[in-house]
Structures are given as C-alpha cells and as structure tokens.
2 protein chains.
Amino acid sequence: MSSTATPVHVLILAGGAGTRFWPASRAARPKQLLPLVGGEPLITATARRVLPLCAGGGSAGWERIWIATGQHLVAPTRVALPEVPERRLLVEPAPRNTAPCIGWAAATIARDDPEAVVVVLPSDHHIADVPRFLEVLQAAVASAQGGAITTIGIRPTHPETGFGYIEAEEAAGAGSAAPRRVLRFVEKPSRERAAEFVASGRFLWNAGMFIFRAGDMRAAIRAHLPALAEGLDEIDRAAALGAAAEAEAVLQVFPRLPAVSIDHAVMEHVAGLAVVPGDFGWSDLGSWQSAWELAEKDERGNSAPAGSVLVDAQGNHVVDLRARSDARGARTEIDRRVIALVGVEGLVVVETDDALLIVPRDRAQDVKQVVDALKAQGRGRHT
Amino acid sequence: MSSTATPVHVLILAGGAGTRFWPASRAARPKQLLPLVGGEPLITATARRVLPLCAGGGSAGWERIWIATGQHLVAPTRVALPEVPERRLLVEPAPRNTAPCIGWAAATIARDDPEAVVVVLPSDHHIADVPRFLEVLQAAVASAQGGAITTIGIRPTHPETGFGYIEAEEAAGAGSAAPRRVLRFVEKPSRERAAEFVASGRFLWNAGMFIFRAGDMRAAIRAHLPALAEGLDEIDRAAALGAAAEAEAVLQVFPRLPAVSIDHAVMEHVAGLAVVPGDFGWSDLGSWQSAWELAEKDERGNSAPAGSVLVDAQGNHVVDLRARSDARGARTEIDRRVIALVGVEGLVVVETDDALLIVPRDRAQDVKQVVDALKAQGRGRHT
C-alpha cells in the first residue's frame with residue numbers, strides 16, 4: 001500500500017447482538033466487544049487494522065473512523081475505542097438493519113465531500129494477513145474512486161453453507177486482485193450448490209464489506225430505496241439548521257426507516273457493481289469452533305488460560321472471562337484460579353461471572369439452544 | 001432395633017485429607033465435611049444415623065458421640081455437628097493413623113466404664129438402608145458385649161480391587177447376620193483373587209467399622225501394640241490429676257505414638273475376632289463416580305443444580321460448591337448462575353470459588369493427578 005494514497009473514511013458496523021458466543025456474548029456485550037482472538041476486542045482490532053488507510057500517511061486516521069452502534073453499546077464501545085472522537089459515533093435510535101445506518105453515514109460524509117470514499121466493514125471479523133487485506137482494500141478504493149460501488153469477495157476454501165456468495169465475471173488472470181463485474185448475489189446455498197460454486201471458480205464469499213464514494217451510495221439509495229433516501233434528505237435539512245436539530249431529526253426519522261439490509265435493498269440492484277477478490281486469512285468467527293481454530297494452542301491443541309492444569313486433555317478451548325479482581329485484591333494470574341481438565345477432548349469451556357458453558361467444539365452452534373431455553377424460562381438477564 | 005437396647009458410644013474417625021474429591025475436598029475441608037450425597041455433610045449424616053443406638057431410647061445420644069479429628073478441622077467439624085459436646089472431640093495433636101486415636105477413645109471411655117461398648121465408624125461413607133444398618137450394628141454390639149472384638153463385613157457385590165477383604169468362617173445359614181469367626185484379613189487383592197473371593201462366598205469387604213468393649217480394646221492393644229498401651233497409660237495417669245494435666249499429656253504423648261492402623265497393628269492379631277456380615281447399601285464414596293451413582297438424577301441420568309440448562313446431555317454429574325452470596329446480596333437459586341451443558345455425556349463438573357474441574361466419570365480417579373501437578377507447581381493453596 002502506498003503511504004501517500006488518498007485517505008478514506010471507514011464505517012464500522014457495530015450493532016447487533018448474536019447468541020453464538022454465549023455466555024461470553026450478551027445483549028449488552030456483543031461479539032465485537034470480546035477479545036475472542038488475541039488480547040483485544042474484535043472491534044479494536046478492526047479499527048487499528050484499517051487506520052493506515054484512514055490516515056493515508058497522515059496522523060488524522062481516527063478522525064475518519066465512524067462507528068454505527070446502538071445506544072446501549074455506546075459506553076463499552078468507547079472503552080474499546082477511546083481514540084475515536086465522540087462525534088464519529090453514529091448512534092442508531094433503533095436497530096434498522098444495515099441500509100439505514102450505511103445511508104446515514106454516506107449522507108453525513110457526502111455533506112462535506114461527496115467524492116470521499118467510504119469503506120464499510122463488519123466489526124467482528126478476524127483477518128490474519130493484514131498487509132494483504134490493506135492491498136485488497138486499496139484496490140477496492142481505486143475501483144470506488146472510478147465510480148463503481150465495490151465489494152470484497154473472499155476466495156472460498158470449502159463449500160460453506162453459512163455464507164452468501166457473489167458470482168463474478170471471469171477474470172483474464174485467475175489469480176488477479178483486479179476488480180471484476182458482479183453478476184449476482186446468491187443467498188446461503190445448499191451443500192450441493194455450494195460445492196458447485198467452489199468448483200466453478202467464479203463464486204466468492206460475501207463478507208459484508210462495501211467500498212463506495214459517499215455520493216454514489218446516496219444516488220444508489222435514491223434509485224433503489226427511495227423511502228430511505230427521503231428520510232436521509234430530512235436529516236440533511238435538519239443538519240443545515242445545526243447539530244441539535246440534526247440530532248432531533250435522527251431520533252424522529254430513524255425508527256421509521258425501512259429495516260432492510262444494504263445487500264438486498266441496494267447492492268443486488270446496482271448496475272456496474274464491482275468485486276475485488278480477496279485472500280487474506282478472513283474468518284467471520286462464526287462460533288466457538290472458529291475461535292479455537294484461530295487461538296494460540298499448546299502442542300496437544302489446547303487453548304486455555306495460563307495456570308490451567310491439563311492432564312491427558314487435547315483439542316479443548318477454555319475461556320475464562322470472569323472479573324479479574326476479588327475481595328482480597330489482585331493476585332497473580334497463575335494463583336488466582338485453577339481450571340483443571342482431565343481426560344477430555346474437543347470441549348469448549350467458557351466461564352463468565354454468572355455462567356458456565358460446556359459443549360463439544362463440533363456442537364458449538366447449538367449454544368443458541370441454551371439462549372432460547374433461558375429466554376423461555378424468563379431468565380433473560382443471562383442472555 | 002429395640003428401643004430399650006443398652007446405649008453405646010460411637011467414635012467417628014474424622015481426620016484425613018484425601019484428594020479424590022478435589023476440588024471440593026481440600027486439606028482444610030476433607031470429604032466428610034462435604035454434602036456429597038443429599039444436603040448435609042457426610043459426617044453429619046453419619047452421626048444422625050447412629051444416634052438411636054447412642055441414645056438407646058433416651059435423649060442423651062449426642063453425649064455418647066465422640067469425634068476424633070485434627071486441630072485444623074475442629075472449627076468446621078463443630079459447624080457440621082453443633083450438637084456434639086466440645087469435650088467429646090478428641091483432637092489429635094498430630095496425625096498418627098487409626099490405632100492411637102481408637103486407643104485413646106477406648107482408654108478415655110474405659111476410665112468410666114470398661115464394659116461400655118464402643119462403635120468405631122468412618123465419617124465419610126454412605127449408607128442407603130439405615131434401619132438395616134442399625135440392625136447389623138445391634139448384632140455387632142451384642143457380639144461385643146459377649147467379649148468378642150467385632151467388625152462389620154460388607155457382602156461384596158463385585159470383585160472390587162480397591163478394598164481389603166475379611167475371610168469369615170462359613171456360617172450355617174448363608175444369609176444369616178449372626179457373627180462369624182474371622183479367619184484372616186486380606187489386603188487389596190488383584191482382580192483375579194477378588195473374583196475368587198466373591199465367588200467363594202466366604203469373603204467380605206472391610207469397611208473399617210469396629211465394635212468392642214472399651215476394656216477389651218485396651219487389653220488387645222496391650223497384647224499386640226505395647227508402645228501404644230504405654231502411651232495410653234501415661235495419659236491415664238495424667239487424667240487422674242485433672243483435665244489440664246490430661247490435655248498436656250496428650251500433647252506430649254500423642255506425637256510419639258506408633259502411627260499404625262488398627263487393622264494391621266491390632267485386629268489382624270486378635271484371636272476370636274468376630275464379623276457380622278452386612279448388606280445395607282454401603283458405599284465408601286471412593287470417587288466422583290460413586291457420588292454420581294448415589295445422587296438424585298433426572299430421566300437422562302444427569303445430576304445438576306436446579307436451574308442448570310441441559311441440552312442433549314446425559315449421565316453428567318455437576319456440583320456447584322461456590323459461595324452462595326454475591327455483592328448484590330441473596331438471589332433465588334435459579335437466577336443466581338447458569339451452568340449450561342450441551343451435547344456432553346458422562347462428565348463430572350465441579351465448581352468451587354477457586355477451581356473448576358472437568359473429567360469424564362470413568363476417569364474420576366485421575367483427579368489425584370491434578371492435585372499432584374498443583375503441588376509440583378507450588379500451588380498448594382489450591383489443594
């Protein structure tokens with residue numbers, strides 16, 4: 001990546017709840033706020049990783065990072081990202097899926113500069129090869145600067161049925177990272193279709209990353225989702241009257257906006273959409289299984305807190321998220337607590353202050369059933 | 001059992017440490033102080049169960065219950081058995097195995113009444129059929145009153161290699177609970193020998209229960225373990241001078257007494273030893289596996305605290321021994337904490353305030369390896 005590239009704005013989508021990382025993830029502590037890989041929350045890693053792109057060689061990177069989140073997540077999000085200026089938090093008065101908040105960010109940025117490029121990223125993914133990721137984003141930024149709304153497509157490594165796919169026009173050079181024309185978006189496929197997709201070489205995973213000029217996105221919304229465009233116009237008019245009027249308009253308008261995803265409501269209808277194929281060790285961290293895959297492990301495949309006692313145990317993923325202090329004050333980590341696993345294999349074990357989960361790694365997706373059971377029992381405070 | 005039977009003294013042996021119930025059992029909280037089956041500590045159940053025998057129809061039962069324990073266990077033992085008068089606690093100045101404390105109790109009781117019958121019981125076993133147990137003990141008391149040091153032999157249900165065996169003379173009626181002459185004690189056998197023992201019908205499990213007149217035990221000790229007899233004489237002489245002198249003598253004498261078991265040092269050498277066969281749902285609660293066997297379980301074989309969420313889980317044993325209060329005060333049990341097991345089978349899960357253990361039931365005996373590892377790491381406070 002050139003250090004003199006035009007700086008871009010990054011919008012990090014950080015709402016959401018999600019039950020797949022229960023009991024670590026909660027309504028008030030969703031996945032992006034958890035240190036599921038490495039020591040920092042996923043959203044912190046997400047922002048740090050793209051900072052060079054926002055700064056463009058300058059020092060004002062944090063000024064160009066925008067966070068779309070909900071009111072209940074403002075405080076913990078600011079703890080995770082203290083460098084982001086408060087005015088860059090787009091606090092959604094009500095959860096309305098991705099189209100309204102992306103539109104809101106595009107409108108806000110376009111007021112200053114409709115040519116400004118915006119990179120929209122999920123807050124809770126993991127990327128292993130950051131330099132390669134930044135190269136791919138730069139290619140996408142260049143594509144967006146040429147006027148094409150652009151997405152990133154992950155080269156599939158297996159016939160995954162949990163993701164949507166993007167079919168791209170075949171490129172001259174198969175390995176090229178040059179933008180290709182998007183032929184269509186495809187919903188999560190059956191296993192058979194997924195296998196065909198992977199075999200074809202034309203299909204990429206939809207990772208929810210979109211790159212565009214702010215004005216282009218406003219135009220696309222006007223063309224394909226006029227109800228949203230009208231709401232954004234209303235916010236624009238209020239913004240001309242000052243910050244207080246703008247804030248009031250957001251409160252009034254936002255809950256009435258159509259709750260639809262940018263993919264379905266806009267992207268699928270845009271002509272000339274481009275996709276840049278990417279291959280940078282991407283993971284959507286879909287379950288405790290993927291957290292284990294990405295974790296540092298001992299020679300027997302165990303990932304466990306320092307001081308754990310593992311006797312004839314292998315392939316286990318142990319996570320201790322309980323509060324670190326106790327009545328007697330700070331202790332050394334090794335002395336604080338013992339987690340002992342004897343003769344067990346392939347388990348996920350997660351402890352929080354008010355819950356303990358034990359599930360085989362290959363059944364990690366069934367954690368949802370625990371959340372459902374707790375809700376059915378009226379024990380919502382544990383979800 | 002006749003309610004007008006002669007009351008007896010019961011000596012409950014409550015020293016010991018043991019690692020088989022780690023992390024529930026600790027040096028300062030050995031097995032007998034844990035509510036491993038039902039709601040009360042094993043030692044509490046042990047005392048309550050024999051109270052009718054001590055009272056003999058009267059109300060002074062607790063006066064005849066003696067507890068032999070160590071100094072570090074006095075406080076929690078008194079919490080578990082507040083009804084036992086403080087002067088009935090025989091506090092061993094140093095752990096010297098079973099012969100010295102049984103001899104000490106026998107000497108102390110014999111000073112008042114050498115004809116008094118003493119029943120020695122382990123503090124940490126479980127007995128399912130209490131009425132039958134009391135009948136067997138009554139038969140043993142009658143045998144002891146006739147002058148025979150008597151033991152209880154458990155009819156073996158399987159070729160257990162973890163227990164010692166007692167070979168008894170064949171009885172006229174095989175099912176009879178009448179006392180039989182003991183032929184010999186046998187140490188823990190190989191599996192082959194254990195199978196022969198069970199097949200023979202002549203062998204019984206040694207459950208560490210002994211019944212004798214106080215004077216008879218003193219005489220047996222004098223005959224077979226004179227070093228202990230001399231120490232007890234010294235305590236006797238001091239006791240004649242008053243309680244303070246007696247206490248001082250115990251402190252001086254006890255640490256010098258031979259640290260041997262009553263079985264090896266005395267019982268194996270006594271002529272005319274009797275055994276009463278018993279069949280009253282006895283368990284020595286040797287591991288978490290046996291705790292699970294005796295626990296109340298749901299229809300899928302899980303034993304877990306109320307409020308646990310079990311999804312497709314079976315045969316698990318979940319024990320939560322963490323402190324019951326938190327900073328926000330008391331909560332209802334169901335709201336306090338969630339333990340969720342999804343898709344796991346046959347696990348033992350034990351939580352205490354400073355430890356979590358997960359081990360398959362059929363490897364519960366390997367818990368010792370955790371304790372060994374912690375000691376080797378200098379983390380003795382967790383053992």
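The structure presented is a predicted model; accordingly, all values stated were derived computationally and were not measured.

(A) How the structure looks around the sheet that holds strand 13 (residues 317-320) of chain B. The strand order across the open sheet built from five strands is 12(A)-14(A)-16(B)-15(B)-13(B), with neighbouring strands paired in mixed fashion. Bordering the open sheet on either side are strand 12 (309-311) of chain A together with strand 13 of chain B, each of which pairs with just one other strand. On average, adjacent strands in this sheet sit at an angle of 5 degrees to one another, irrespective of strand direction. The pairing of strand 14 (residues 338-342) of chain A with strand 16 (residues 355-360) of chain B spans four bridges and is classified as parallel. Within strand 16 of chain B, the position partnered with Ile339(A) by the bridge is Leu356(B). Helix-sheet contacts for helix 12 (residues 367-376) of chain B involve strand 12 and strand 14 of chain A together with strand 16 of chain B, and the interaxial angle to strand 12 of chain A is about 135 degrees.

(B) Spotlight on helix 3 (residues 98-112) of chain A. Counted at 1.5 Å a residue, the expected span for helix 3 of chain A with its 15 residues is 21 Å, and the 22 Å between its end C-alpha atoms agrees. By the criterion of burial, helix 3 of chain A is predominantly enclosed, with 13 of the 15 residues buried.

(C) Region of interest: the sheet that holds strand 16 (residues 355-360) of chain A. Spatially, 13(A)-15(A)-16(A)-14(B)-12(B) is the arrangement adopted by the five strands of the open sheet, whose pairing is mixed. Each of the sheet's edge strands pairs with one partner strand only, and the pair in question is strand 13 (317-320) of chain A together with strand 12 (309-311) of chain B. For this sheet, the mean angle separating the axes of adjacent strands, direction not counted, is 5 degrees. Here strand 12 of chain B pairs with strand 14 (residues 338-342) of chain B via three bridges, running parallel. Opposite Val309(B), over in strand 14 of chain B, you have Ala340(B) as the bridge partner. Packing against the sheet, helix 12 (residues 367-376) of chain A makes contact with strand 16 of chain A together with strand 12 and strand 14 of chain B, and its axis sits at approximately 135 degrees to strand 12 of chain B.

(D) View of the relation of the copies chain B and chain A. In screw terms, the move from chain B to chain A is a rotation of 180 degrees and a rise of 0.0 Å along the axis, fitting with an RMSD of 0.0 Å. In the structure described here, the two chain copies are related by an operation that fits a two-fold rotation axis. Minimal C-alpha distance to the rotation axis in chain B is attained by Ile358(B), lying at 4.6 Å. When the interface residues of chain B are mapped onto chain A, 100% of them are again interface residues, pointing to one common binding face.

(E) Seen up close, the environment of Leu357(B). Within the element layout of this structure, Leu357(B) appears in strand 16. For Leu357(B) and Phe254(B), which are 103 residues apart along the polypeptide, the C-alpha to C-alpha distance reads 37 Å. In this view, Leu357(B) contacts Ala340(A), Trp22(B), Pro23(B), Val350(B) and Val367(B); residues no more than four positions away in its chain are not counted.

(F) Highlighting the nonpolar core. Counting residues in hydrophobic clusters, the biggest one holds 242 residues, and the most contacted among them are Val118(A), Val119(A), Val118(B) and Val119(B). The residues touching Val118(A), leaving out its near neighbours within four places in the chain, are Val8(A), His9(A), Leu11(A), Ala105(A), Ala106(A), Ile109(A), Phe212(A), Ala214(A) and Met217(A).

(G) Geometry of the packing of helix 1 (residues 42-55) of chain B against helix 4 (residues 130-145) of chain B. All names here are of chain B. At a minimum axis distance of 10 Å, the contact between helix 1 and helix 4 shows a crossing angle of 45 degrees. Relative to helix 4, the element helix 1 lies oblique. Taken as a pair, helix 1 and helix 4 cross one another with a handedness that is right-handed. On the side of helix 1, the interface is formed by Arg49, Pro52 and Leu53, while helix 4 contributes Val130, Phe133, Leu134 and Leu137. Residues belonging to the contact of helix 1 with helix 4 are distributed by class as follows: six nonpolar, no polar and one charged.

Rules used in this analysis
- Residues numbered from 1 in each chain as written.
- Chains lettered and ligands numbered in written order.
- Predicted model: local features only at pLDDT ≥ 70, side-chain atom pairs only at ≥ 80, totals over all residues.
- Pairing = 2+ DSSP bridges.
- Helix = DSSP H or I, 4+ residues; strand = E, 2+ residues; numbered from the N terminus.
- Axes fitted to C-alpha atoms, helices over the stretch in contact; angles between N-to-C directions.
- Contact = placed C-beta atoms within 7 Å.
- Expected span 1.5 Å × (residues − 1).
- Buried ≥ 20, exposed ≤ 12 C-beta atoms within 10 Å, placed from the backbone.
- Least-squares fit on C-alpha atoms with pLDDT ≥ 70 in both.
- Core = buried A, V, L, I, M, F, W, Y, C linked by C-beta atoms within 7 Å.
- Parallel < 35°, antiparallel > 145°, perpendicular 65-115°, else oblique.
- Left-handed = near helix turned anticlockwise from the far one by under 90°.
- Nonpolar A, V, L, I, M, F, W, Y, C, P; charged D, E, K, R; others polar.

Shape descriptors only; they carry no functional weight alone.
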